[in-house]
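Structural features, examined
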Amino acid sequence: ILEKPHKIMVKEILKNYLKFKKTNVWIFGSRANGNPRPDSNLNLLFDPPLSPSIRAKLVQDFKESNLMIDVELVNRIEVEEADKKRIEDTKILFHY
């Protein structure tokens, strides 16, 4: 899914904003199903949804990090019907 150093970075960034909240975070897409390309992004699904301010801060922190992977933050309630099955079929709970 993610190399150990990348996983540690993602966990640290998420902990900064989610440590006092009960938020489920899943990885989905090619990094979750084990066949990412070198340029594949990291798709993170959140439930309950992130507030706009927390989402903006996470986006900024991921951009400024040394992760070297583009990160897409998706609130579960925003997933379009056509994408739900694909996401449900590949998602893996991410423990931060």
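In what follows, the structure referred to is the one given above.
Scoring rules and cut-offs
Residues numbered from 1 in each chain as written. Predicted model: local features only at pLDDT ≥ 70, side-chain atom pairs only at ≥ 80, totals over all residues. Heavy atoms only, no water. Axes fitted to C-alpha atoms, helices over the stretch in contact; angles between N-to-C directions. Helix = DSSP H or I, 4+ residues; strand = E, 2+ residues; numbered from the N terminus. Parallel < 35°, antiparallel > 145°, perpendicular 65-115°, else oblique. Left-handed = near helix turned anticlockwise from the far one by under 90°. Contact = heavy atoms within 4.5 Å. Nonpolar A, V, L, I, M, F, W, Y, C, P; charged D, E, K, R; others polar. Phe/Tyr/Trp six-rings, centres within 6.5 Å; stacked < 30°, edge-to-face > 60°. Lys NZ or Arg CZ within 6 Å of the ring centre and 35° of its normal. Buried < 20%, exposed > 50% of the residue type's maximum accessible area, 1.4 Å probe, protein only. Pairing = 2+ DSSP bridges.

What follows covers the packing of helix 1 (residues 4-18) against helix 3 (residues 52-64). The N-to-C vectors of helix 1 and helix 3 enclose an angle of 150°; their axes lie 10 Å apart at closest approach. Judged by the angle between their axes, helix 1 and helix 3 are roughly antiparallel. Classified by chirality, the crossing of helix 3 by helix 1 is right-handed. When helix 1 is examined against helix 3, the residues Val 10, Ile 13, Leu 14, Asn 16 and Tyr 17 are found in contact with a partner set consisting of Ile 54, Lys 57, Leu 58, Asp 61 and Phe 62. When its residues are assigned to classes, the contact of helix 1 with helix 3 shows seven nonpolar, one polar and two charged.

What follows deals with the packing of aromatic side chains. Under the definition given, this model contains zero aromatic pairs. It is Arg 76 that lies over the ring of Trp 26; its NZ or CZ is 4.9 Å from the centre. The ring of Trp 26 carries Lys 91 above its face, with NZ or CZ at 4.2 Å from the centroid.

Time to look at the pairing of strand 1 (residues 24-28). Each regular strand displays side chains that alternate between the two surfaces of the sheet. With four of its five residues buried, strand 1 lies for the most part within the structure. As defined by bridge partners, strand 1 adjoins strand 2 (residues 42-47) across five bridges and the pair is classed as antiparallel. The residue of strand 2 that forms the bridge with Asn 24 is Asp 47. Summarising the sheet, strand 1 and strand 4 (residues 92-93) pair through two bridges and their orientation is antiparallel.

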